[in-house]
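# Chain and residue survey
As a plain string of letters, each chain reads:
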Amino acid sequence: SGRTMAVASVNLGALTSWVGIARLFAVVLSCLTFSLVASTGHFEGPYGTWCMFTWCFCFTVTLLVLLLELLELYPLLPLSWDDFTSAFSMLAALMVFTSSVVFPATFISSPCSSSQCARQAVATTTSCLCFLAYAVEVSLTRAKPGDISSFLSTVPGLLKVFEAYVACLIFSLLDEYNREPGLMWCVAVYSICFIFTLLIIIFTIGRCLTYIPCPLEKVLVGYNFLALLMYFTATILWPLYSFRGRSRPDPCGTNCWWNKHLGVTFLTIFNLIAYLVDLVYSTRMVFFRAP
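Quick notes on the rules
- Residues numbered from 1 in each chain as written.
- Predicted model: local features only at pLDDT ≥ 70, side-chain atom pairs only at ≥ 80, totals over all residues.
- Heavy atoms only, no water.
- Helix = DSSP H or I, 4+ residues; strand = E, 2+ residues; numbered from the N terminus.
- Buried < 20%, exposed > 50% of the residue type's maximum accessible area, 1.4 Å probe, protein only.
- Contact = heavy atoms within 4.5 Å.
- Areas by Shrake-Rupley, 256 points an atom, 1.4 Å probe, with all protein chains shown as cover.
- Lys, Arg positive; Asp, Glu negative; His and termini not counted.
- Charge placed at Lys NZ, Arg CZ, Asp CG, Glu CD.
- UniProt positions renumbered as here; feature names shortened; annotations may be inferred.
- Phe/Tyr/Trp six-rings, centres within 6.5 Å; stacked < 30°, edge-to-face > 60°.
- Lys NZ or Arg CZ within 6 Å of the ring centre and 35° of its normal.
- Core = buried A, V, L, I, M, F, W, Y, C linked by side-chain atoms within 4.5 Å.
- Domains from an automatic or database assignment.
- Salt bridge = Lys/Arg side-chain N within 4 Å of Asp/Glu carboxyl O.
- Nonpolar A, V, L, I, M, F, W, Y, C, P; charged D, E, K, R; others polar.
- Disulfide = S-S within 2.5 Å.
- Axes fitted to C-alpha atoms, helices over the stretch in contact; angles between N-to-C directions.
- Parallel < 35°, antiparallel > 145°, perpendicular 65-115°, else oblique.
- Left-handed = near helix turned anticlockwise from the far one by under 90°.

In terms of regular secondary structure, the chain is built from 10 helices and zero strands. For the chain, the succession of helices and strands along the chain, N to C, is α-α-α-α-α-α-α-α-α-α. Going through the 291 residues of the chain one by one, you find that 42% of them count as buried. Taking as baseline every contact in the chain between residues at least 6 positions apart, the subset at least 24 positions apart corresponds to 77%. Accessible surface computed for the chain: about 15,300 Å², of which carbon and sulfur atoms make up 72%. Of the side chains in the chain, 15 bear a positive and 14 a negative charge, and the two mean positions are spaced by 2 Å.

The structure is reproduced here in structure tokens:
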């Protein structure tokens, strides 16, 4: 009877469904990627460490998700499983995409003729395919229009993960901002919006939002509006105070302040657009919901 119970608790659909197949591809491709990069022994520095962490982290968590769904143990966890898997697949797609761009730009030199360079090129290819696998998972698990049972699988929920991740990228590029009050305001905007967005994600996964004694959906719309206004000011002030009276140094290497400030400028614009789309979708979900 023990064997019968063990067999009955195995859910093979976790591996044979389209989502399961996408996760299996992600596990295999991420494993291939970090194995190839590790075999070169050339992933030093902060960028290499970040890329290796990304592939190992995504491999480990995705494998854990597959095992928990295969053995049907995830209902025992004190969290919203659908929200967690939706948020993680979106985060993994963003992290692997970033690594797929950063790794070849940092470590692959031209001309590429050595065996080490060939392995790095193959690792870049498998990393790009791994990103596609996570992107397919995000597409498959995204909530249908009108379905808000899993908030982080809706467009506003996925955008919350995107906004938090872009804020993390901004933090990694911040440099020389203490000299200007305008730049310090921009850093305050990035920090405040990141903290609130991260809390929304954590509370959603932890099923804590239902305990908040207020109309939560309307509060989220109000927060998106305020975040949009704050990012609008940062979009204007950051380039104004960063580049005013300062030209691009020559030469300007990898850690050049000008390149970092330019990167923050573009990332600020990306998050401004994300908060705008988030506000539009959230407003439609709250005030124009179909009966």
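That shown, we press on.
Our focus in this paragraph is the UniProt feature "transmembrane region" (unreviewed entry) in the chain. Under the UniProt annotation, "transmembrane region" (unreviewed entry) lies at residues 50-68, 88-108, 120-136, 148-171, 183-205, 220-241 and 262-281. Taken end to end, residues 88-108 is 95% helix and 0% strand, and its two terminal C-alpha atoms sit 29 Å from one another. Secondary structure content for residues 183-205 is 100% helix and 0% strand, while the C-alpha to C-alpha distance between its ends is 33 Å.

Another aspect to go through is the packing of aromatic side chains. Applying the stated criterion across every chain yields a total of 17 aromatic pairs. Centroid distance Phe-34 to Phe-59: 5.5 Å. Interplanar angle 75°. Geometry classified as edge-to-face. Of this pair, Phe-34 sits in helix H3 (residues 18-40) while Phe-59 sits in helix H4 (residues 45-70), placing them 25 residues apart in sequence. Ring centres of Phe-88 and Tyr-134 lie 6.2 Å apart, and the angle between their planes is 90°; this geometry places the pair in the edge-to-face category. With a gap of 46 residues between them, Phe-88 in helix H5 (residues 81-107) and Tyr-134 in helix H6 (residues 115-141) connect regions that are remote in the sequence. Given a relative accessible area of 0%, Tyr-134 falls into the buried group. Connected via pairs of aromatic rings, a cluster forms that spans Tyr-190, Phe-196, Tyr-223, Tyr-231, Trp-238 and Tyr-275. Above the face of the Tyr-281 ring, Arg-284 is positioned so that its terminal group lies 5.7 Å from the ring centre.

Glancing now at the nonpolar core. Grouped together as the largest cluster of nonpolar side chains are 54 residues, with contacts concentrated most on Tyr-134, Ile-170, Tyr-190, Cys-193, Tyr-231 and Trp-238. Only H3, H4, H5, H6, helix H7 (155-173), helix H8 (181-205), helix H9 (216-243) and helix H10 (257-287) provide two or more residues apiece to this core. With 10 residues, the top contributor of residues to this core is H8. The two domains that each donate at least three residues to this core are domain 1 (8-146) and domain 2 (154-290).

On to the domain arrangement of the chain, then. Put simply, an interface is often sized by how much accessible area is lost when its parts join up. Domain boundaries in the chain define domain 1 (8-146) and domain 2 (154-290). On a C-alpha basis, the centres of domain 1 and domain 2 stand 25 Å from each other. Contacts between the two partners involve 16 residues from domain 1, matched on the other side by 11 residues from domain 2. If you look at where domain 1 meets domain 2, you find zero salt bridges. Those elements that provide at least two residues to the side of domain 1 that touches domain 2 are H4 and H5. Per-element tally for the side of domain 1 that touches domain 2: the top contributor is H5, with nine residues. Considered class by class, the residues forming the side of domain 1 that touches domain 2 number 11 nonpolar, three polar and two charged.

Our focus in this paragraph is the state of the cysteines. Under the counting rule described, the total for this entry stands at zero disulfides. With no disulfide of its own, Cys-128 lies closest to Cys-130 among cysteine sulfurs, the gap being 9.9 Å. Under the relative-accessibility criterion, Cys-128 is labelled partly exposed at 35%.

The subject of this paragraph is the packing of H4 against H5. Between H4 and H5, whose axes approach to 9 Å, the crossing angle comes to 150°. What the angle tells us is that H4 and H5 run roughly antiparallel. As for how H4 packs across H5, the hand of that crossing is left-handed. Here the contact of H4 with H5 is built from residues that sort into 19 nonpolar, seven polar and one charged.

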